[in-house]
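Descriptive analysis of the structure
Given next are the chains, with one letter for each unit.
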Amino acid sequence: MDKLHFLLDGDGVLWRGSELVQGAAEFLEFLRAQGHTYCLVTNNSSYRREDAVGRIARRGLRFKLEEIYNTNYLACCYLNAHYPGASVLVIGSEMLAEGIKAQGLVPYAAEDLLPTTTIGALTIVPFLRESIASEPDIVLVGLDTGVDYKDIALACRLLQDGAEFIATNRDYTYPLEQGYLLPGNGALVDLLERVTGRRPLNLGKPETHLVELIERELGVAREQMVMVGDRIETDIEMAKRAGIRNVLVLTGITDEMPQCWPEGGQPTFVVRDLTELHERFGRFFGGG
């Protein structure tokens, strides 16, 4: 059989929170043993891929640096290619700002641009009406667990003044252990869009920027790719837009078989988890 390249989502497919999903380690070992390749393809932008290697290893999985494609890395590549030397207000993790800086761009946080005397919602208003220290070219929004009112207010000011609006992803939820969900980056992006009327450029799934980056860097043809994900509206939709085979696993956001599929949204295959994908591998893809 032809060798395949698997695009594996992380949250909800390989792990939930700090817990590995059943069969994840065994499935990766099976792929390696059969000569297939894989990479992590995730909308998570909160860490650089240099840091992801250790984080994933602590969960008991083995990924090389060049096998990690998250929207932190994607955003850095995209901005460097399309906006070289630009200044960027980063609403996101410190690691997202570090990645932007490493590409030769100029990252700012809200506290870099607003006077240090600014405290709370009321005292920020006059500064937003008058002037700020600098007006970055781009507002980049990634998952930020420390976001506060001044970050949101400053982003709204800059977007209304014409800054480019770029989102690492639009996932509304973030899955944890025991089935719990927390707000994802899409919740904040939606808030900014509703306030300002500006629609962002979305880099993450379901857009195909990650697939295109993998094509360029790894030289993998789309005919070899198989996307494995837990979200119909992002993982499966991206695969369909890119014209690649896809597998929906029911261990994450989608945790049961839908009663009906969105128009054109039915996956190539649906499995309970990676253990079942392992068991049905030969039936799905031939050989192995």
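Structure: see above.
Read on for a plain summary of the structure. (Residues numbered from 1 in each chain as written. Predicted model: local features only at pLDDT ≥ 70, side-chain atom pairs only at ≥ 80, totals over all residues. Heavy atoms only, no water.)

Here we take up the packing of aromatic side chains. If you walk through the whole model with that rule in mind, you get 11 aromatic pairs. Considering the side-chain rings of Phe 269 and Phe 284, the 4.0 Å spacing of their centres and the 15° angle between planes classify their relative orientation as stacked. On the criterion of sequence distance, the pair formed by Phe 269 in strand β15 (residues 269-271) and Phe 284 in helix α12 (residues 281-285) is long-range, its members being 15 residues apart. Each member of the pair, Phe 269 together with Phe 284, is buried. Taken together, a centroid distance of 6.1 Å and an interplanar angle of 85° make the contact between Phe 284 and Phe 285 edge-to-face. One aromatic cluster is present, built from ring pairs that chain together Phe 6, Phe 27, Phe 30, Phe 269, Phe 281, Phe 284 and Phe 285. (Phe/Tyr/Trp six-rings, centres within 6.5 Å; stacked < 30°, edge-to-face > 60°. Helix = DSSP H or I, 4+ residues; strand = E, 2+ residues; numbered from the N terminus. Buried < 20%, exposed > 50% of the residue type's maximum accessible area, 1.4 Å probe, protein only.)

What follows concerns the pattern of salt bridges. By the definition in use, this model includes 19 salt bridges. Residue Arg 241 is joined to Glu 207 by a salt bridge in which the shortest nitrogen-to-oxygen separation is 3.2 Å. In this pair, Arg 241 sits in helix α10 (residues 232-242) while Glu 207 sits in the loop between β12 (201-202) and α9 (209-218), placing the two residues 34 residues apart along the sequence. By relative accessible area, Arg 241 is classed as partly exposed at 43%. (Salt bridge = Lys/Arg side-chain N within 4 Å of Asp/Glu carboxyl O.)

The next thing to look at is the state of the cysteines. By the definition in use, this model includes 0 disulfides. Counting only cysteine sulfurs, Cys 76 is the nearest neighbor of Cys 77, a cysteine outside any disulfide, at a range of 6.8 Å. (Disulfide = S-S within 2.5 Å.)

Once that is clear, we can look at the sheet that holds strand β4 (residues 37-42). The strand order across the open sheet formed by 6 strands is β5-β4-β1-β13-β14-β15, and the pairing between neighbours is parallel. The outermost strands of the open sheet, each flanked by one partner alone, are β5 (68-70) and β15. Taken over all neighbouring pairs, the strand axes of this sheet differ in orientation by 20° on average, direction set aside. In this structure, strand β13 (residues 225-229) lies alongside strand β14 (residues 245-249), joined through 4 bridges in parallel fashion. Considered in β14, the bridge of Gly 229 is made with Leu 248. Together, β1 (5-8) and β4 form the strand contacts of helix α1 (residues 24-34), whose direction differs from that of β1 by roughly 160°. The sheet contacts of helix α2 (residues 49-58) involve β4 and β5, and relative to β5 the element is tilted by about 115°. (Pairing = 2+ DSSP bridges. Axes fitted to C-alpha atoms, helices over the stretch in contact; angles between N-to-C directions. Contact = heavy atoms within 4.5 Å.)

Let us now look at α9. The set of residues buried in α9 consists of His 209, Leu 210, Val 211, Leu 213 and Ile 214. Remark: Gly 219 follows α9 within two positions and exhibits a positive phi of approximately 70°.

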